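Understanding the architecture of this molecule
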Amino acid sequence: MADSASNDAFVEFDRVQKSYDGETLVVKDLNLSLPRGEFLTMLGPSGSGKTTCLMMLAGFETATHGDIRLGGTSINNIPPHKRGIGMVFQNYALFPHMTIAENLSFPLEVRKMGKSEREEKIKRALDMVEMGAFGGRRPAQLSGGQQQRVALARALVFEPELVLMDEPLGALDKQLREKMQFEITNLAHNLGITTVYVTHDQTEALTMSDRVAVFDDGRIQQLDPPDTLYEAPKNSFVAQFIGENNTLEGIVKEINNGVALVQLDDGDIIDCMPVHESVKPGARTRVSIRPERVEYNKDRIQEGAHTLKAEVKEFIYMGDIFRTRLSVAGNDEFIIKTRNAPDVDRLKPGQQIEIGWLPEDCRALDA
Ligand SMILES: Nc1ncnc2c1ncn2[C@@H]1O[C@H](COP(=O)(O)OP(=O)(O)OP(=O)(O)O)[C@@H](O)[C@H]1O
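The rules behind these values
Residues numbered from 1 in each chain as written. Predicted model: local features only at pLDDT ≥ 70, side-chain atom pairs only at ≥ 80, totals over all residues. Heavy atoms only, no water. 1 Å grid on protein atoms, 1.4 Å probe; cavity = no way out; pocket = protein on both sides within 12 Å on 5 of 7 lines; lining within 4 Å. Points joined across faces, edges and corners; volume = space filled by probe spheres on them. Helix = DSSP H or I, 4+ residues; strand = E, 2+ residues; numbered from the N terminus. Nonpolar A, V, L, I, M, F, W, Y, C, P; charged D, E, K, R; others polar. Axes fitted to C-alpha atoms, helices over the stretch in contact; angles between N-to-C directions. Parallel < 35°, antiparallel > 145°, perpendicular 65-115°, else oblique. Left-handed = near helix turned anticlockwise from the far one by under 90°. Contact = heavy atoms within 4.5 Å. Near = heavy atom within 4 Å. Polar contact = N/O pair within 3.5 Å; in protein donor to acceptor, adjacent residues only side chain to side chain. Areas by Shrake-Rupley, 256 points an atom, 1.4 Å probe, with all protein chains shown as cover. Domains from an automatic or database assignment. Buried area = accessible area lost by both parts, 1.4 Å probe. Salt bridge = Lys/Arg side-chain N within 4 Å of Asp/Glu carboxyl O. Phe/Tyr/Trp six-rings, centres within 6.5 Å; stacked < 30°, edge-to-face > 60°. Buried < 20%, exposed > 50% of the residue type's maximum accessible area, 1.4 Å probe, protein only.

**Quick notes on empty space enclosed by the protein**
- Across all of its chains, the model carries one cavity of 30 Å³ or more by this definition.
- Its volume calculated, the largest cavity comes out at about 40 Å³.
- Forming the boundary of the largest cavity are Leu152, Leu156, Val163, Met165, Ile184, Leu187, Ala188, Ile193 and Thr195.
- With three residues, the top contributor of residues to the lining of the largest cavity is helix α5 (residues 174-191).
- In terms of residue class, the lining of the largest cavity is built from eight nonpolar, one polar and no charged.

**A look at the packing of helix α4 (residues 144-156) against α5**
- Here α4 crosses α5 at 15 degrees, and the two axes come no closer than 11 Å. Classified by the angle between their axes, α4 and α5 sit roughly parallel to one another. Helix-helix and strand crossings are classified by hand; for α4 and α5 the assignment is right-handed. On α5, the residues touching Gly145, Gln148, Arg149, Leu152 and Leu156 of α4 are Leu176, Lys179, Met180, Glu183, Ile184, Leu187 and Leu191.
- Along the lines of polarity and charge, the residues of the contact of α4 with α5 split into seven nonpolar, two polar and three charged.

**Points about the site of the ligand**
- Around the ligand sit Tyr20, Val26, Pro45, Ser46, Gly47, Ser48, Gly49, Lys50, Thr51 and Thr52, and that is every residue in its neighbourhood.
- Between Gly47 and the ligand, the recorded distance is 2.7 Å, taken from a backbone N or O atom to an oxygen atom.
- In the model, an oxygen atom of the ligand is placed 2.9 Å from a nitrogen or oxygen of the Lys50 side chain.
- Computed on the free molecule, the ligand has an accessible area of 630 Å², of which 56% lies beneath the protein chains in the complex.
- Among the elements that line the shell around the ligand, the one with the most residues is helix α1 (residues 50-58), at three residues.
- Among the residues forming the shell around the ligand, the class breakdown is three nonpolar, six polar and one charged.

**Focus: the packing of helix α2 (residues 100-110) against α4**
- Direction vectors running N to C along α2 and α4 enclose 25 degrees, while the axes themselves pass 8 Å from each other. Classified by the angle between their axes, α2 and α4 sit roughly parallel to one another. Here α2 runs over α4; the crossing is right-handed. Contacts from Ile100, Asn103, Leu104 and Pro107 in α2 reach Val150, Ala153 and Arg154 in α4.
- When the residues that make up the contact of α2 with α4 are grouped by side-chain class, the tally is five nonpolar, one polar and one charged.

**Quick look at the domain arrangement of the protein**
- The domain architecture assigned to the protein consists of domain 1 (9-236) and domain 2 (244-366).
- On the side of domain 2, 10 residues touch domain 1, which itself brings eight residues to the contact.
- Here domain 1 packs against domain 2, burying approximately 750 Å² in sum over the two surfaces, 40% of which is carbon and sulfur.
- Contact with domain 2 buries surface across domain 1, with Tyr230, Pro233 and Ser236 losing the most and accounting together for 64% of the total.
- Summed over the shared surface of domain 1 and domain 2, the result is zero salt bridges.
- Applying the counting rule to domain 1 against domain 2 returns five residue pairs in polar contact (both at pLDDT 80 or more).
- Top contributing element to the side of domain 1 that touches domain 2 by residue count: helix α7 (residues 226-231), with three residues.
- Looking at the side of domain 1 that touches domain 2 residue by residue, the class counts come to four nonpolar, two polar and two charged.

**So, the packing of aromatic side chains**
- Within the structure shown, the criterion is met by six aromatic pairs.
- With centroids separated by 5.6 Å and ring planes inclined at 40 degrees, the aromatic side chains of Phe39 and Tyr197 adopt a geometry described as tilted. Of the two residues, Phe39 is situated in strand β3 (residues 39-43) and Tyr197 in strand β8 (residues 194-199); the sequence distance between them amounts to 158 residues. Both residues of the pair, Phe39 and Tyr197, belong to the buried class.
- Through a chain of ring-to-ring contacts, three or more aromatic side chains come together here, namely Phe315, Tyr317 and Phe322.

**Some words on unusual backbone geometry**
- Although it is not a glycine, Glu130 sits at a positive phi angle of roughly 55 degrees.
- With relative accessibility at 56%, the residue Glu130 sits in the exposed group.
- Phi is positive for Asp217, close to 55 degrees, though the residue is something other than glycine.
- Position of Asp217 among the secondary structure elements: in the loop between β9 (211-216) and β10 (219-224).

Here is the structure:
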């Protein structure tokens, strides 16, 4: 998808750069556009520039270069409280001396809203996050998850068109985190709110988002819906960062009819999809294969599959799946995942087997 200005763009980053020290760019020439109602997640390792992008959108940081637009209007010179953006941050604490209802009332009072309208909106927002009975309590009298729900209600109470969230679930335990992930996406979609969400948790990004922008080194490496990111990573960084991935290294021998012949470092030659632009005859490449696309049961290896010899190093029974570590073409960390079924063999360490995958599941990427 083109990321430059398009007619239905609601949030736009147009060639945005950011440097804190006047020397190093921590955000490099960022182009991104979101239509109204989209839930977009910025995902990436620590220091890749996600929070900086969110802070520029919120107005707490200014872009060194480029333009940020909301609804077609440049917001570079509009202060944060006039941008009409709701925010939920991990450490964006509720006011401890105020009750929950007073906390929610605050953004409405700032907007000079009358008492009866305020009360109605506070009730609706608290009911929405199932905290209607807690309006009279103070934050310290709530659990972490309840406080986070209130923070969400406070961000939504003035009905912003855009909500920014930075690791809002980071402090919660796994179960509550999963429940809140579901609640946040439901709320955002039901209310038609545009959301920009920052996390370094890939499962969270994949389960919650319409699209995910994968950041590394101040750049968006890939911007796609979750299934495309996982199934069709465009470069080695994304393949490695999203989900589990097997890598085999080698040299591109030739490319014929859209298929790259790659000679692996141990001599085996395999067919791959030439995905990355650097995949040219003579170039080194890293080949990416997802663990669940590899088959070892002879009668399940499909016609047209490429086969290689492998040695079993470790077999792990995980209940619903078997996770087996193999040595393949010099890589001792080659993982395969197989659904647990009565007709699937349980492999033993030391066993010599043959594995196979379809060429379209084998992606030649940058070295
Ligand atoms: N206020 C600041 N002053 C100077 N440098 C900063 C400032 N904030 C961030 N940086 C630097 O900018 C780079 C990007 O940081 P940023 O917080 O945007 O990354 P991030 O992807 O959100 O990381 P994390 O997941 O750890 O929050 C980092 O190298 C960081 O050290």
